[in-house]
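The primary structure of each chain is shown beneath.
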Amino acid sequence: MHLGVGLLVLITTLLLTDAAAKSDAPSFVVGKGTFLRDGKPFRYISGTSHYWRHHHSDWEDNFNKMRAAGLNAVSTYISWNLHEPEPEQYNFEGNLDIRRYFRLAQKYGLVVILRPGPFIDAEVDMGGLPYWLLRMNMTMKLRSSDPSYTQYVSRWYNKVLPYLKDLTYANGGPIITVQIENEYGSYPACDKVYQNLLKSLVLQNMGPDIVLYTTDGCLDYMMQCGKVDGALTTCDFGAGENAAGNFQTLRKFNVDGPLVNSEFYPGWIDHWGYTWNTVAYQDVVRTMADMWALNASFNIYPIRGGTNFGFVAGANLGNDFQPVTTTYDFDAPLTEAGDPTEKYYAIRNLIGTYWPLPPGPAPVPSAKGAYGKVQLSYAGSLFDNLKALRPEGPIRSAYPLSFEVLEHPYGFVLYRTVVQGRFRDPAKLSIAGIPGFTPGLRDRGIVFVDQKPVGILSRTEQISDMSLFIAPNQTLDILVHNEGRICYGTGINDLKGIVGNVTLDTVVLSDWAMYPLELPNFPDMNPAPLDFDLREKISDIQNRISGFYSGQFSVNQVLDTFLQVSGWQNGYAFINGNNLGRYWPVQGPQQTLFVPAAYLHEGTDNVVELFELEAAPCSLDWTCVVEFVQVPVLNATVPIYPGANEFRKRAKQPWRAKSKQG
Ligand SMILES: *[C@@H]1O[C@H](CO)[C@@H](O)[C@H](O)[C@H]1NC(C)=O
Ligand SMILES: *[C@@H]1O[C@H](CO)[C@@H](O)[C@H](O)[C@H]1NC(C)=O
Ligand SMILES: *[C@@H]1O[C@H](CO)[C@@H](O)[C@H](O)[C@H]1NC(C)=O
Ligand SMILES: *[C@@H]1O[C@H](CO)[C@@H](O)[C@H](O)[C@H]1NC(C)=O
Ligand SMILES: *[C@@H]1O[C@H](CO)[C@@H](O)[C@H](O)[C@H]1NC(C)=O
């Protein structure tokens, strides 16, 4: 062969190969009325499942069940606060290993709809923003182009987005779309500079091929503020709503792109003290069928809700301050424990009429452990264990400091002062806020005089003062519980702890010692048996003291289970050192905490520990117990409440009501 010809052949071959590679390269774009995946019309039926709300050993099972129901996509937020718990300290391990999460989704044939926030709501603390932002500047304008805020957003996006770049669809990964902000039209800032900054950060870091979209409520004013040029406008609505009407409104902002419901609610969020929310499966499948007939894509939010382990839960601000329950069961198609429900099977049957389901039988509920009753022993009061809980000792300051300033994100701070001078009997203790930050107590304070509990102040109940008698040189302690930062609306600069001054009658109390409690140190404590002296000590104050209780139990077969805490009042439960989250059975409706199998091991030395804040049922041995049960109870009746009916009606969707956004 002539050399020249050979070269020509070689060059031609290279060009052809290149052209072939180009047309074979994965592509995902927005077409007329539909998405185009590799050039072919594509629509998705997706399910939300937040990686951090499940133990990572459950991820594959979740994806498997999603696939088995005929879903072809998964949608998740990224919760910035968990990945950057303190400035520039990053965590992508274990339950936060998002690369592994997305790779597993791909293995199960699911494409990924990515919602990196940075604000996500998601009923998590501060809507997923790191609490330390408020330490940098407590009045920074979150979710806006305020440089006090965007300098940290840019730093985070420039960290996390390149980390995911090779996982985009164009690069052979599963990520098809990326959301800009989150329901931004529900937030009054309406700051286009901010939205465009986020857009350019995504494009710079993930490449120009990624499909961008926004999600808002299906109302004109929301989509008007929420939409971003160059991003597909989508909206969100729940089961039983008018799909045709909502999509008609969407069409004003999305003239000929694919119709998408980005959060199709098959259930609803729950708050402590409010009736358990349910949605009938008939409504879910009816609205699904309506959306399908309109050629829409949709995302079931959530397909499995999971659990607000530890201090993950946020709070909503309706007419009152409403902390979110530990369970994020949501009455979703898969329960908190991942078990298929009637709703799941109905959805699967319906999807089976749209496209073929993967071969194999439908998933069934998994076996649960019934490890029975566990006798707990008193392991000392909060005061006995202050050293273990705060090895460095207290932080001192003339006036109280917030959690943020104390560099303590979640949980508890004990505020202590020794009262000087004589006060009347009784004196009025009160905590006032400061302008822009009322009330001053965030969120619940248990008040002690010389370590005896004398009362409770509460943000939810709007109780910020009380009467007490305190003599000179007696110690006043206020144990402040951060019940979760506000995750929706304009109240998100939600500092915690005591924000303002504490007064007795007219005297401002000063010289405070503050103990941020490091609850993870709790499992290191040595639980003492409930001996006679200790029993005397706790029965002396009718067991009404913040204290630690601990017991061992044996597990012959490791299974998921539920911790039943009836008889206990309010606190946190730990299994083998893992924080299951808050329990509060007297408030309800949630009565049991989910315990993933991964927290247990075979053997007799499994440990359950409670940090009980208010009242232990331990005047008798046989009532000083918790129980591991097979069936969760999430829907108990809730206490009466002044104006309850009105409150509960509004509580249904308080933060989505138009009037609240003003
Ligand atoms: C904090 O943010 C507010 C609102 O943007 C701004 O006015 C103020 O100057 C900032 N403070 C500091 C110390 O940067
Ligand atoms: C849905 O798509 C099909 C196929 O492209 C089309 O024939 C039909 O008119 C569309 N239906 C609606 C309601 O847009
Ligand atoms: C309070 O304690 C201080 C220091 O121990 C002591 O000097 C003072 O007499 C005490 N006051 C009262 C009223 O007991
Ligand atoms: C607390 O009271 C002191 C003394 O009156 C005052 O100097 C300080 O500014 C007050 N702090 C707040 C946060 O109001
Ligand atoms: C809670 O749900 C169970 C199971 O669906 C039901 O039997 C029970 O009546 C419900 N309890 C309340 C108080 O609604």
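What counts and what doesn't
Residues numbered from 1 in each chain as written. Chains lettered and ligands numbered in written order. Predicted model: local features only at pLDDT ≥ 70, side-chain atom pairs only at ≥ 80, totals over all residues. Heavy atoms only, no water. Near = heavy atom within 4 Å. Polar contact = N/O pair within 3.5 Å; in protein donor to acceptor, adjacent residues only side chain to side chain. Pairing = 2+ DSSP bridges. Helix = DSSP H or I, 4+ residues; strand = E, 2+ residues; numbered from the N terminus. UniProt positions renumbered as here; feature names shortened; annotations may be inferred. Buried < 20%, exposed > 50% of the residue type's maximum accessible area, 1.4 Å probe, protein only. Contact = heavy atoms within 4.5 Å. Axes fitted to C-alpha atoms, helices over the stretch in contact; angles between N-to-C directions. Parallel < 35°, antiparallel > 145°, perpendicular 65-115°, else oblique. Left-handed = near helix turned anticlockwise from the far one by under 90°. Nonpolar A, V, L, I, M, F, W, Y, C, P; charged D, E, K, R; others polar.

1. So, the site of ligand 4
Neighbouring ligand 4 are the residues Tyr 399, Ile 434, Gly 500, Asn 501 and Val 508. At 2.3 Å from an oxygen atom of ligand 4 is found a side-chain nitrogen or oxygen belonging to Asn 501.

2. Brief notes about the pairing of strand β33 (residues 603-612)
In terms of strand pairing, strand β28 (residues 547-555) meets β33 through 8 bridges, oriented antiparallel. Across the sheet, the residue bridging to Phe 553 is Asn 606, located in β33. The pairing of strand β30 (residues 571-575) with β33 spans 5 bridges and is antiparallel. Bridging from a neighbouring strand, Phe 574 pairs with Glu 609 of β33.

3. Remarks on the UniProt feature "active site" (unreviewed entry) in the protein
Annotation from UniProt places "active site" (unreviewed entry) at Glu 183 and Glu 263. For this annotated set, covering 81 residues, all C-alpha atoms fall within 10.4 Å of each other, a compact arrangement in space. The topology assignment puts Glu 183 in the loop between β7 (175-179) and α7 (192-206). Glu 263 sits in the buried class, given a relative accessible area of 2%.

4. Here we look at the environment of Val 555
Inspection of the secondary structure assignment puts Val 555 in strand β28. The spatial distance from the C-alpha of Val 555 to the C-alpha of Glu 602 is 5.1 Å, given a sequence separation of 47 residues. Residues in contact with Val 555, not counting those within four places in the same chain, are Tyr 371, Leu 600, His 601, Glu 602, Gly 603 and Asn 606.

5. Some thoughts on the packing of helix α6 (residues 147-164) against α7
Relative to each other, α6 and α7 sit at 25°, their axes nearing to 9 Å. Classified by the angle between their axes, α6 and α7 sit roughly parallel to one another. Of the two elements, α6 crosses α7, and the hand of that crossing is right-handed. Counted together, Tyr 149, Thr 150, Val 153, Ser 154, Tyr 157, Asn 158, Leu 161, Pro 162 and Leu 164 of α6 and Tyr 194, Leu 197, Leu 198, Leu 201, Val 202, Asn 205 and Met 206 of α7 form the full contact between these two elements. Split into classes, the residues belonging to the contact of α6 with α7 amount to 12 nonpolar, 4 polar and no charged.

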